[in-house]
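Now for the letters of each chain:
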Amino acid sequence: MYRNKLAERPQFRQILKMSESLGTPHIIIDLEMIRDNYRRMKSLCSYADIYYAVKACPLDEIVRMLDEEGSNFDIASRYELDQVLSLGVDPGKLLYGNTIKKAEDIAYFYEKGVRYFASDCENDVRKIAENAPGSNVYFRVLLPHSDSADWPLSRKFGCSSEMVLNLIALAKELGLNPIGVSFHVGSQQRNLEIWDYALKTTAEIFEKSPVKLGFVDMGGGLPAQYNYPVEDLQTYANTIEKYIDNHFPGEKPRFIMEPGRSLVGDSGVLAATVVETARKDASDEVRWVYIDAGKFNGMVETIDESIKYSAYFPGRDENSPVGPVILAGPTCDSMDIMYENYKMEMPLDLKAGERIYFLAAGAYTASYASVCFNGFPPIGTYIYR
Ligand SMILES: Cc1ncc(COP(=O)(O)O)c(C=O)c1O
């Protein structure tokens, strides 16, 4: 097991105890850990306002707690908007961060009091002007694909710097308030230099803009702790601040960030049960391990083997002999294989009925799970407080 922040907390034992009383698969989230993460981030990244990316883990308890802590929220859809408003969050703390949206959804956000909209194409700017007149708009700049992000967010969002400049002029002409630029360096970004490039690109847009800009949305990208070492938040915070100072040496615009994974990822543990272990031939060295969680119920980010969770085997000696496995989920779909090229090592005598805990599973797990594919219900999520 690679170092895991939740497993190092004294609460971990009680979380495992709570898990024992529940059927699998399920996820348990340590709410107080998210509070600690938020407070630490707020103090280390005091140069930016925090907008929690609700999509990472949209549980009411998390939204409520972060609201009380003073967080703002990045909202992806009218459904997230309804949820967050139903919990009493002030619409002034929200922004509509999805660049892909219907005209009626823009109107809905506007009617509910949201005045910050992300955009990246001409038709979308026109829709915002028509359905959210006079609102603040900011433009997402396309960053090159980055292999150092385990979950890249390139290609689909953003546009070239030249197009951003044209959209700024268009927004102004249409009576909107063009305020700035956004970017996302890719989720679980391991290379800090990408922020240097992103902030340099942003500063160049600021310089060339036909309108004075004062807002930079730096998106997410800060990491959780999976099965390999990552730099500490302190290093990320200080390095990004240094890049900000380099590229914006004079008057500072308002900086915001939209953390998802880095706030909630480490706080969750996903409990699964081994359904069976098998070999395709008696001579095979590698076993198949089938568990009751899979790509469709909690482990979606194993697509392309992108996110690699650490596994913990309760009650086992850390030194029990292990061997490589192919890890697969419970459905009748051959896509439902989590790790094949990446060979997880599991105890050689692992048996059906045994539990496995996947660590750092708080982000993009429950919120991504399918509704009843093959009849398996969406994975249950529980809060430990
Ligand atoms: C617009 C936007 N902001 C923020 C995030 C959160 O990113 P991360 O989980 O890397 O912090 C996402 C993730 O998809 C996003 O699309």
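No experiment lies behind these values; they were computed from the predicted model shown.

1. Regarding the packing of aromatic side chains
Throughout the structure, instances matching the rule amount to 14 aromatic pairs. Among the aromatic residues, ring-to-ring pairing joins Y96, F109 and F117 into one connected group. Positioned over the ring face of Y228 is R190, at 5.7 Å from the centre of the ring. The lysine or arginine in question, K308, covers the ring of Y342, its NZ or CZ lying 5.6 Å from the ring centre.

2. A look at helix 1 (residues 12-20)
One full turn of an α-helix is made of 3.6 residues, so residues set three or four places apart face in the same direction. Inspection of helix 1 places F12, I15, L16 and S19 among the buried residues, and these make up the whole buried set. All buried residues of helix 1 lie within an arc of 100 degrees about the axis, which places them on one face of the element. Every exposed residue of helix 1 that faces more than 90 degrees away from the buried side is listed here: R13, K17 and E20. Of the surrounding secondary structure, the elements contacted by the buried residues of helix 1 are strand 1 (26-30), strand 12 (268-278), strand 14 (311-312), strand 17 (355-359) and strand 18 (380-384).

3. Describing the pairing of strand 3 (residues 72-75)
Across the two faces of strand 3 the burial is the same, with N72 and D74 and F73 and I75 all buried. When strand 2 (residues 48-53) meets strand 3, the two strands line up parallel, connected through three bridges. For A53, the partnering residue across the bridge sits in strand 3 and is D74. Where strand 3 and strand 4 (residues 94-96) come together, three bridges link them in parallel fashion. Bridge pairing in strand 4 places I75 opposite Y96. Read from strand 3 through helix 4 (residues 78-86) to strand 4, the crossover connection turns out right-handed.

4. Brief notes about the environment of E241
Of note, E241 is situated in helix 9 (residues 233-247). Once the C-alpha coordinates of E241 and D196 are considered, the two residues, 45 residues apart in sequence, prove to be 10.0 Å apart.

5. Quick notes on the side chain of D74
Checked against the element boundaries, D74 lands in strand 3. We classify D74 as buried; its relative accessible area is 3%. Among the polar contacts made by the side chain of D74, one reaches the side chain of K55 at a distance of 3.1 Å. In contact with D74, not counting residues within four places along its chain, are Y51, Y52, A53, V54, K55, E80, L95, G97 and E258.

6. A few points about the domain arrangement of the protein chain
Examined at the domain level, the protein chain breaks down into domain 1 (31-263) and domain 2 (266-384). The interface is formed by 20 residues belonging to domain 1 together with 20 residues belonging to domain 2. Across the domain 1 to domain 2 interface the summed buried area is about 1800 Å²; carbon plus sulfur atoms make up 60%. When residues of domain 1 are sorted by the area they lose upon contact with domain 2, W151, Y226 and N227 head the list and together hold 35% of the total. For the pair domain 1 and domain 2, the number of links is one salt bridge. The closest approach of N and O atoms between R261 and E301, which form a salt bridge, is 2.7 Å. For the interface between domain 1 and domain 2, the tally reads seven residue pairs in polar contact (both at pLDDT 80 or more). Only helix 2 (31-44), helix 3 (60-69), strand 7 (149-151) and strand 9 (187-189) provide two or more residues apiece to the side of domain 1 that touches domain 2. It is helix 2 that provides the largest number of residues to the side of domain 1 that touches domain 2, a total of three residues. Split into classes, the residues belonging to the side of domain 1 that touches domain 2 amount to 11 nonpolar, five polar and four charged.

7. Observations concerning the site of the ligand
As a matter of local geometry, the ligand sits amid 15 residues, with H184, S187, E258, G260 and Y364 nearest to it. The contact in question runs from an oxygen atom of the ligand to an N or O atom on the side chain of S187, over 2.5 Å. A class-by-class count of the residues in the shell around the ligand yields four nonpolar, six polar and five charged.

8. Quick notes on the environment of A198
Mapping A198 onto the fold places it in helix 8 (residues 193-208). Through-space distance from the C-alpha of A198 to that of C121 is 19 Å; in sequence the pair is 77 residues apart. Excluding residues within four positions of it along the chain, A198 makes contact with L143, F183 and V185.

9. A few points about helix 5 (residues 103-111)
Buried within helix 5 we find D105, I106, Y108 and F109. Angularly, the buried residues of helix 5 cover 160 degrees about the axis, an arc narrow enough to put them on a single face. Structurally, helix 5 contributes buried residues whose contacts are with strand 3, helix 4, strand 4, strand 5 (116-119) and helix 6 (122-131). G113 lies just past helix 5 and shows a positive phi near 105 degrees.

Conventions adopted
- In this numbering scheme, every chain counts its residues from 1 along its sequence in written order.
- In keeping with the model being predicted, local features are shown solely for residues with a pLDDT of at least 70 and side-chain atom pairs are shown and tallied solely at 80 or more, while totals for entire chains, interfaces and linings include all residues.
- For side-chain calculations, the full set of non-hydrogen atoms in the structure is used, while hydrogens and water are omitted.
- Here a pair means two rings of Phe, Tyr or Trp (six-membered ring of Trp) with centres within 6.5 Å. Their orientation is stacked below 30 degrees between planes, edge-to-face above 60, and tilted elsewhere.
- By the criterion adopted, a ring carries a charge over it if an Arg CZ or a Lys NZ lies within 6 Å of its centre and within 35 degrees of its normal.
- Accessible area is worked out with a 1.4 Å probe on protein chains only. A residue is then buried under 20% of its type maximum, exposed over 50%, and partly exposed in between.
- Numbering of helices and strands starts at the N terminus; helices are DSSP runs of H or I of at least 4 residues and strands are runs of E of at least 2.
- Within this analysis, the arc is defined by the directions that extend from the helix axis to the C-beta atoms.
- In this description, contact between two residues means that some pair of their heavy atoms is separated by no more than 4.5 Å.
- Strands qualify as paired when DSSP identifies two bridges or more between them.
- Assignment of crossover handedness uses the view with strands pointing away from the viewer, where a clockwise path from the first strand over the helix to the second indicates a right-handed crossover.
- In the analysis that follows, any N or O atom pair within 3.5 Å is treated as a polar contact, provided that within protein one partner can donate a hydrogen and the other can accept it, and provided that, for residues neighboring in sequence, both atoms belong to side chains.
- An automatic or database domain assignment supplies the start and end points of every domain.
- By convention, the term buried area covers the 1.4 Å-probe accessible surface removed from two parts as they join, with the contributions of both added.
- Salt bridges are identified by distance alone: a Lys or Arg side-chain nitrogen within 4 Å of an Asp or Glu carboxyl oxygen.
- Side-chain classes follow a simple rule in which Ala, Val, Leu, Ile, Met, Phe, Trp, Tyr, Cys and Pro form the nonpolar group, Asp, Glu, Lys and Arg form the charged group, and the remainder, Gly included, forms the polar group.
- Here, proximity means that at least one heavy atom of the residue falls within 4 Å of the molecule or strand.

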